[in-house]
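What the coordinates show
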Amino acid sequence: MSFPLILTQRMIDHPADSHLIDVYEGAGGYDVMRKVLSGMTPEQVVAEVKSANIQGRGGAAFPAGIKWGFLAPAEPRYLVVNGDESEPGTFKDRQLLERDPHQLIEGVIISSFALGVNHAFIYIRGEYPKPARRVQQAVEAAYAKGHLGHNIMGSGFDLDVTVHLGGGAYICGEETALLNSLEGLRGEPRLKPPFPAVEGLYAKPTIVNNVETISNIPWIIDNGGEAFAAIGDENSVGTRLFSLSGHLKKPGNVEVPMGLTWRELIYDIGGGIRDDRELKTWVPGGASAPWFVPEHHLDVKVTKDDVAHAGSMLGSGAVIVMDETTNVVAAAHRIVKFFAHESCGQCTPCREGTTWLENILWRLLNGAGRQSDIELLLDICDNISPGLAWPPKMTTICPLGPSAVSPITSIMTHFRDEVQAMVDLAAEPASA
Amino acid sequence: MTLAAVIPDWTSPNQERARKLLDAYPERRSAVMPLLYLAQLEHGHLTDSGMTQVAELTGLTPAQVQAVASFYTMYKRDHVGKYLISVCTSISCFLMGSDEVLTAVEEESDALDGTTSADGTFSVEHVECIGACGGAPAVQVNYELIEGVTPEKGKALCQWLRDAAPEVVLTDEMQELFGGVRSFDWGSKEAEGAVAPVPAFGPYGSAKREGRS
């Protein structure tokens with residue numbers, strides 16, 4: 001398996017100081033920016049990103065080049081980098097922000113040039129002060145070198161970058177909620193359309209891209225879109241930074257080409273299950289994703305389409321592994337509790353539904369479940385996401401509500417006997 | 001009205017920071033979140049007068065500012081101890097034993113989840129995912145991260161904070177003393193950390209520990 005480490009090679013070559021501008025430039029950093037500003041047109045840059053066929057790395061996997069193509073001509077336009085990484089299990093953007101902020105900033109400069117943007121924002125979640133410090137220091141260093149600011153490299157191109165810290169709200173990772181937050185409002189998602197590319201920040205055309213997506217841009221422009229598209233699998237190209245967590249021998253971030261199997265990712269890359277126990281189930285793409293089980297899914301390929309056909313999603317690249325000792329009802333409760341806490345409250349099915357799901361799972365866990373609870377859980381899920389289909393149908397403005405349905409349908413599909421056993425236990429008389 | 005007249009009780013460095021924040025955005029209402037952090041730093045928590053000040057600075061109504069402040073978990077409307085200990089209990093940390101870490105921290109700090117200890121040293125809270133899942137279970141002190149924390153190390157962390165009473169908490173120092181498995185190689189150590197239960201970023205409340213380069 002031969003592939004370039006597009007995102008993390010510099011961190012390996014410079015284990016202590018890959019975040020410093022001198023190290024970055026010593027390794028050829030900002031050369032792509034020079035190439036772009038001195039000899040490429042915005043249209044050429046956009047064409048390379050389109051031919052790279054990179055799917056957005058935030059969760060929705062929408063092709064970034066096509067998203068860029070939607071940007072309306074009105075001015076001013078904005079680029080907003082989404083670093084509100086909050087999907088449980090996900091910690092890959094944190095590494096990119098902390099360890100290679102200049103790679104991101106060079107990506108921001110190139111992308112802004114291509115999109116006709118003169119003010120870009122990097123929105124970083126509030127619980128990431130160290131990543132934010134690193135990015136702020138890198139932004140200041142880039143200004144000091146003349147890579148940001150007025151008339152960059154004498155090209156006539158101006159770019160300011162503002163680093164913005166969130167306030168602790170998962171929902172701000174949803175791009176329209178993020179824009180509201182950046183405008184000084186509550187982080188509540190907006191109805192779409194209009195999409196941000198037409199009416200985004202301050203109702204101006206805005207592109208919102210994930211940290212990892214923008215961090216890939218310098219390599220794509222340096223090596224060409226076709227070279228990027230040749231890596232990985234034909235329906236999901238490039239490498240991806242996966243966050244491995246849970247009961248693995250080797251948890252952590254790992255950059256691998258798209259198109260491995262789950263067996264390779266969990267057993268070869270992740271080292272297998274702790275204490276050589278049995279794998280029970282795993283969440284393939286962050287807490288919103290329906291779970292996979294070893295009986296059916298170990299040989300499914302890790303691509304957008306293969307995972308979708310198998311009934312889940314790659315999402316944010318967070319792989320959460322659970323071994324045979326895991327109480328799956330407790331695990332599902334913990335994920336549902338997250339969504340109940342993070343619901344913004346705008347839409348009734350989500351606000352009320354997630355809370356009831358949490359409460360019912362809690363009483364099951366505490367020996368107070370009722371025989372009707374399984375049907376009740378599924379009924380509430382159906383009210384949030386009619387038909388319990390995948391991809392989910394929605395009764396809500398954003399996908400947060402349906403995300404809370406995923407763990408419930410997962411345990412009902414794969415571990416219904418365990419859920420039933422918990423109900424039966426509770427139904428026995430207290431004296432028995 | 002001049003800016004200084006709106007926030008006369010703020011320190012002059014923080015007045016200057018507020019001025020810069022208002023200039024950093026195309027519309028000044030976008031500065032409401034960073035200004036709320038500054039107000040929280042000034043007053044120890046977000047007071048009604050602090051929110052009214054931020055409203056005047058940004059051209060919003062106090063109700064609009066309060067609506068923002070109440071939406072986000074990191075704006076604290078009540079008194080917070082000197083050290084805010086946030087224990088992640090989301091799924092990956094839960095799988096690795098976070099609930100036992102939370103119990104240990106509650107015992108040693110004398111502050112139950114969601115409360116502040118009687119002596120005002122600690123506030124303890126359980127929090128949703130803080131992006132440290134490869135190094136679960138994870139804990140933050142004034143939002144500075146420690147990965148791979150055991151119940152025993154959680155207790156030792158509380159004892160250390162009480163005894164050493166650091167004015168600046170540093171993520172690298174705490175990780176070395178009380179941490180374990182990390183999500184990834186952190187690289188070189190940082191001398192900058194938090195001086196209060198506010199994220200130590202830019203103007204909000206960061207400082208360098210003397211004697212560390």
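Residues numbered from 1 in each chain as written. Chains lettered and ligands numbered in written order. Predicted model: local features only at pLDDT ≥ 70, side-chain atom pairs only at ≥ 80, totals over all residues. Heavy atoms only, no water.

Below, the discussion takes up the overall build of chain A. Across its full length, chain A carries 19 helices and 10 strands. Computed over C-alpha atoms, the radius of gyration of chain A comes to 22 Å, within 12% of the 22 Å expected from 2.2 N^0.38 for 432 residues, which places it in the range of a compact globule. Dimensions of chain A along its principal axes, counting C-alpha atoms only, are 85 × 45 × 35 Å. The 432 residues of chain A split such that 62% are buried. For chain A, the share of sequence-separated contacts (at least 6 apart) that also reach a separation of at least 24 residues comes to 70%. Total accessible area on chain A stands at roughly 14900 Å², and carbon and sulfur atoms take up 52% of it. Both charge centroids of chain A, one from 35 positive and one from 52 negative side chains, sit 3 Å from each other. (Helix = DSSP H or I, 4+ residues; strand = E, 2+ residues; numbered from the N terminus. Rg over C-alpha atoms; globule rule 2.2 N^0.38 Å. Buried < 20%, exposed > 50% of the residue type's maximum accessible area, 1.4 Å probe, protein only. Contact = heavy atoms within 4.5 Å. Areas by Shrake-Rupley, 256 points an atom, 1.4 Å probe, with all protein chains shown as cover. Lys, Arg positive; Asp, Glu negative; His and termini not counted. Charge placed at Lys NZ, Arg CZ, Asp CG, Glu CD.)

Residue and element names in this part refer to chain A. Listed as buried for helix H12 (residues 262–269) are Trp-262, Leu-265 and Ile-266. Down the axis of H12, the buried set is contained in an arc of 85°. They therefore lie on one face. Structurally, H12 contributes buried residues whose contacts are with strand E7 (239–246), strand E8 (252–257), strand E9 (279–283), helix H13 (294–297), helix H14 (304–309) and strand E10 (318–323). Phi turns positive, to about 80°, at Gly-271, one or two residues after H12. (Arc of directions from axis to C-beta.)

What follows is about empty space enclosed by the protein. If you walk through the whole model with that rule in mind, you get three cavities of 30 Å³ or more. Of the pockets and cavities examined, the largest cavity occupies roughly 120 Å³. Around the largest cavity sit 15 residues that line it, and A:Arg94, A:Glu98, A:Lys130, A:Pro131 and B:Leu145 are the ones nearest its centre. Secondary structure elements with two or more residues in the lining of the largest cavity: helix H6 (92–99) and helix H8 (129–144) of chain A together with strand E5 (144–147) of chain B. Sorting elements by how many residues they give to the lining of the largest cavity places H8(A) first, with three residues. Here the residues of the lining of the largest cavity are counted per class, giving seven nonpolar, three polar and five charged. Approximately 90 Å³ is the volume found for the second largest cavity. Lining the second largest cavity are 14 residues, and of these A:Ser343, A:Cys344, A:Cys347, A:Cys350 and A:Cys398 sit closest to its centre. Per-class residue counts for the lining of the second largest cavity are eight nonpolar, five polar and one charged. (1 Å grid on protein atoms, 1.4 Å probe; cavity = no way out; pocket = protein on both sides within 12 Å on 5 of 7 lines; lining within 4 Å. Points joined across faces, edges and corners; volume = space filled by probe spheres on them. Nonpolar A, V, L, I, M, F, W, Y, C, P; charged D, E, K, R; others polar.)

Residue and element names in this part refer to chain A. One pass over the full model with this rule turns up zero disulfides over all chains. The closest cysteine sulfur to the non-disulfide-bonded Cys-344 is located on Cys-347, 6.2 Å from its own sulfur. You can call Cys-344 buried: its relative accessible area is 16%. Here Cys-381 is not cross-linked by a disulfide; its sulfur's nearest cysteine counterpart is in Cys-350, at 12 Å. (Disulfide = S-S within 2.5 Å.)

The subject of this paragraph is the sheet that holds strand E3 (residues 122–127) of chain B. Residues and elements named next belong to chain B. Here we have five strands laid out as an open sheet, ordered E2-E3-E1-E4-E5, and mixed in their pairing. Each edge of the open sheet is held by one strand with a lone partner, namely strand E2 (115–116) and E5. Pairing of strand E1 (residues 83–88) with E3 involves six bridges; the strand directions are parallel. Along E3, the bridge assignment pairs Ile-85 with Val-124. Along the sheet, helix H9 (residues 171–178) makes contact with strand E4 (138–141) and E5, crossing E5 at roughly 25°. (Pairing = 2+ DSSP bridges. Axes fitted to C-alpha atoms, helices over the stretch in contact; angles between N-to-C directions.)

This part takes up the domain arrangement of chain B. You'll often see interface size given as the accessible area lost when the parts meet. Residues and elements named next belong to chain B. If you check the domain split of chain B, you get domain 1 (3–71) and domain 2 (83–209). The distance between the C-alpha centroids of domain 1 and domain 2 comes to 27 Å. Tallying the contact residues gives eight residues for domain 1 and seven residues for domain 2. For the pair domain 1 and domain 2, the number of links is zero salt bridges. Joining domain 1 to domain 2, the criterion identifies zero residue pairs in polar contact (both at pLDDT 80 or more). Among the elements that make up the side of domain 1 that touches domain 2, the one with the highest residue count is helix H3 (residues 32–43) (five residues). Looking at the side of domain 1 that touches domain 2 residue by residue, the class counts come to five nonpolar, two polar and one charged. (Domains from an automatic or database assignment. Salt bridge = Lys/Arg side-chain N within 4 Å of Asp/Glu carboxyl O. Polar contact = N/O pair within 3.5 Å; in protein donor to acceptor, adjacent residues only side chain to side chain.)

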